[in-house]
Amino acid sequence: MSDIAAPLAGRTALVTGGSRGVGRAVALRLAAGGAAVAVNYRRDAAAAEEVVAGIAAEGGTAVAYRASVDDTDAVATMVQRIRVDLGPIDLLVSNAGTASRGTPVADTDEQEYLRLLRVHTLGPLALIRSLLPDLRAAPRGDVIVVSSAIVDTAPGGGAAYSMAKAAMETAARTLAYEERASGVRVNIVAPGLVATDMGERLVAASGAPTLADLDARYPFGRVARPEDIAGVVAFLASSAADYLTAQRIRIDGGGPDIPIVAVPES
Ligand SMILES: NC(=O)c1ccc[n+]([C@@H]2O[C@H](COP(=O)([O-])OP(=O)(O)OC[C@H]3O[C@@H](n4cnc5c(N)ncnc54)[C@H](OP(=O)(O)O)[C@@H]3O)[C@@H](O)[C@H]2O)c1
């Protein structure tokens, strides 16, 4: 197949949190571009297998792997299994994530900060460390971090989540500069509100109407869809973005979003 039809042919991607929402759309999109895709999930095996089946139905290659990104041992086991099943990973989309409990700084204890840092920052960094030898050895290696536009506004009730995302963004930009010589690109996408389960919970918790009701108030007449994020991720992983690294792309229709505050745990 040509580069245009299959821009990611020959590549092996790991999408954390690939079973639902943004990660699901990313997994489907990368597979459609020709990549073999490891679909990571935490709890919902049926959702992950549905993504795998969808990819297989289109003639693609995918396998589901259970591991919580904050569980170092489970992640190490997953990486070993992926190497055996699909080969070395040369494209990581660090997407898995949960929201914080929505408490103000005055009422947020250290455990909550640590919980969010483990999922959004420390777990992904441990995963990246373990993948770097393979990313460096590949003709091209990519790390794409799914952050959030919330980092720019830091709304009340979101400190634990916003801090963890901001910390990961800083680490990712640092990594981008460190790894230029090895050919590894590191980029960040920062969505505003996205129509996913998490997005639906954020909207409900903020007292706003449903996501569907918000469409008319958002840029281009709709809240972002997971596919909007997946398209940008696929571009960043493609040869069209060969000369891009250390970049952060906001995907929020130009923003600003309606501030979404309370964020219950999934
Ligand atoms: N939705 C938004 O409005 C929005 C806005 C900006 C940024 N984001 C970011 O986009 C990313 C995806 O969010 P989403 O809206 O797609 O969320 P979602 O609909 O709640 O889906 C979350 C996905 O991540 C997985 N996951 C959650 N915790 C995990 C863990 N500890 N280890 C491994 N997998 C885990 C889930 O798997 P299980 O089902 O098995 O638990 C699921 O596949 C997150 O990083 C989020 O912070 C979302």
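Everything in this summary refers to the structure shown in the same document. (Residues numbered from 1 in each chain as written. Predicted model: local features only at pLDDT ≥ 70, side-chain atom pairs only at ≥ 80, totals over all residues. Heavy atoms only, no water.)

### With respect to the overall build of the chain
The criterion, for reference: Under the scheme used here, helices are H or I runs from DSSP no shorter than 4 residues and strands are E runs no shorter than 2 residues, and both carry numbers assigned from the N terminus. With the radius of gyration taken over C-alpha atoms, the globule rule is written as 2.2 Å times the number of residues to the power 0.38. With a 1.4 Å probe rolled over the protein chains alone, any residue whose accessible area is under 20% of its type maximum counts as buried; one over 50% counts as exposed, and the rest are partly exposed. The criterion used for residue contact is that any of the two residues' heavy atoms lie within 4.5 Å. In short, Shrake-Rupley with a 1.4 Å probe defines the accessible areas, and a residue's cover is counted only from the protein chains shown. Charge assignment: positive for Lys and Arg, negative for Asp and Glu; neither His nor the chain ends contribute. Charge positions are represented by NZ for Lys, CZ for Arg, CG for Asp and CD for Glu.
Helix and strand counts for the chain stand at 9 helices and 7 strands. Scaling as 2.2 N^0.38, a compact globule of 266 residues should have a C-alpha radius of gyration of about 18 Å, and the chain matches this with 17 Å. Taken along the three principal axes of its C-alpha coordinates, the chain extends 50 × 40 × 35 Å. Counting the 266 residues in the chain, one finds 51% classified as buried. Long-range pairs, those at least 24 residues apart, make up 72% of the contacts in the chain with a sequence separation of at least 6. Of the roughly 11,700 Å² of accessible surface on the chain, 55% is carried by carbon and sulfur atoms. Of the charged side chains in the chain, 25 are positive and 30 negative; the average position of the first set lies 2 Å away from that of the second.

### A few points about the site of the ligand
Selection rule: In these notes, residues near a molecule or strand are those with any non-hydrogen atom within 4 Å of it. Polar contact criterion, stated in full: a pair of N or O atoms within 3.5 Å, where within protein one must be able to donate a hydrogen and the other to accept it, and residues adjacent in sequence count only if both atoms are side-chain atoms. Polar here means any residue other than Ala, Val, Leu, Ile, Met, Phe, Trp, Tyr, Cys and Pro, which are nonpolar, and Asp, Glu, Lys and Arg, which are charged; Gly is therefore polar.
The immediate surroundings of the ligand are formed by 33 residues, with Ser-19, Arg-43, Asn-95, Tyr-161 and Thr-196 found nearest. Val-22 places a polar main-chain atom, nitrogen or oxygen, 2.8 Å from an oxygen atom of the ligand. With respect to the ligand, the backbone of Asp-44 contributes an N or O atom lying 2.8 Å from an oxygen atom. A total of 900 Å² of accessible area belongs to the ligand in isolation, and the protein chains cover 98% of it. Contributing elements (two or more residues each) for the shell around the ligand: helix H1 (21-32), strand S2 (36-41), helix H6 (159-178) and helix H7 (197-205). With 5 residues, H7 is the single largest residue contributor to the shell around the ligand. Class assignment for the residues of the shell around the ligand results in 12 nonpolar, 14 polar and 7 charged.

### Some remarks on the nonpolar core
So the rule is basically this: For the purposes of this section, nonpolar cores are sets of buried Ala, Val, Leu, Ile, Met, Phe, Trp, Tyr and Cys residues that join through side-chain atoms within 4.5 Å.
Counting 33 residues, the largest nonpolar core has Val-26, Leu-30, Val-37, Val-39, Val-93, Val-189 and Val-233 as the members making the most contacts within it. Counting residues per element, the ones that place at least two in this core are strand S1 (12-15), H1, S2, helix H2 (45-57), strand S3 (62-66), strand S4 (91-94), strand S5 (141-146) and helix H9 (226-237). It is H9 that contributes the most residues to this core, 7 residues altogether. Grouped together as the second largest cluster of nonpolar side chains are 27 residues, Ala-38, Met-168, Ala-176 and Ala-246 included.

### A short note on empty space enclosed by the protein
If a probe the size of a water molecule is rolled over the atoms, the empty space left behind becomes visible. To be explicit about the condition: Here a cavity means grid points, on a 1 Å grid over the protein atoms only, where a 1.4 Å probe fits yet cannot get out; a pocket means an open set of points with protein on both sides within 12 Å along at least five of seven lines; lining residues are those with an atom within 4 Å of a point. Grid points are joined across faces, edges and corners, and a volume is the space filled by probe spheres set on the points.
Inspection of the entire model under this criterion finds 1 cavity of 30 Å³ or more. What the largest cavity holds in volume is close to 60 Å³. Every residue along the wall of the largest cavity is listed here: Ser-94, Ala-96, Val-119, His-120, Pro-124, Val-145, Val-146, Ser-147, Lys-165, Met-168 and Glu-169. The set of elements that each furnish at least two residues to the lining of the largest cavity consists of helix H4 (110-137), S5 and H6. In the lining of the largest cavity, the residues fall into 6 nonpolar, 3 polar and 2 charged.

### Describing H7
Going by this rule: To obtain the arc, one takes the directions from the helix axis to the C-beta atoms.
Every buried residue of H7 is accounted for by Gly-199, Leu-202 and Val-203. Buried residues of H7, seen end-on, are gathered within an arc of 95 degrees and therefore sit on one face of the element. Elements that come into contact with the buried residues of H7 comprise helix H8 (211-214).

### Some thoughts on the sheet that holds strand S6 (residues 184-191)
Note the cut-off: Strands qualify as paired when DSSP identifies two bridges or more between them. Inter-axis angles, ranging from 0 to 180 degrees, are taken between N-to-C directions of lines fitted to C-alpha atoms, where helices are fitted over the stretch in contact.
A sheet is described by the order of its strands in space; here 7 strands give the open sequence S3-S2-S1-S4-S5-S6-S7, paired in parallel fashion. Looking at strand neighbours, the two that pair on one side only are S3 and strand S7 (248-251), the edges of this open sheet. Across the sheet, the mean angle from the axis of one strand to that of its neighbour is 15 degrees, orientation sign disregarded. Pairing between S6 and S7: 4 bridges, direction parallel. Its bridge partner being in S7, Val-189 is matched across the sheet by Ile-249. Contacts between H4 and the sheet are confined to S1, S4, S5 and S6, with S4 contributing the most and set at about 165 degrees to the helix.

### Digging into the environment of Leu-132
Structurally, the position occupied by Leu-132 is in helix H4. Take Leu-132: its relative accessible area is 9%, and that puts it in the buried class. For the pair Leu-132 and Asp-70, spaced 62 residues apart in the sequence, the C-alpha separation amounts to 18 Å. Leave out the neighbours within four places in its chain, and Leu-132 touches Leu-175 and Glu-179.

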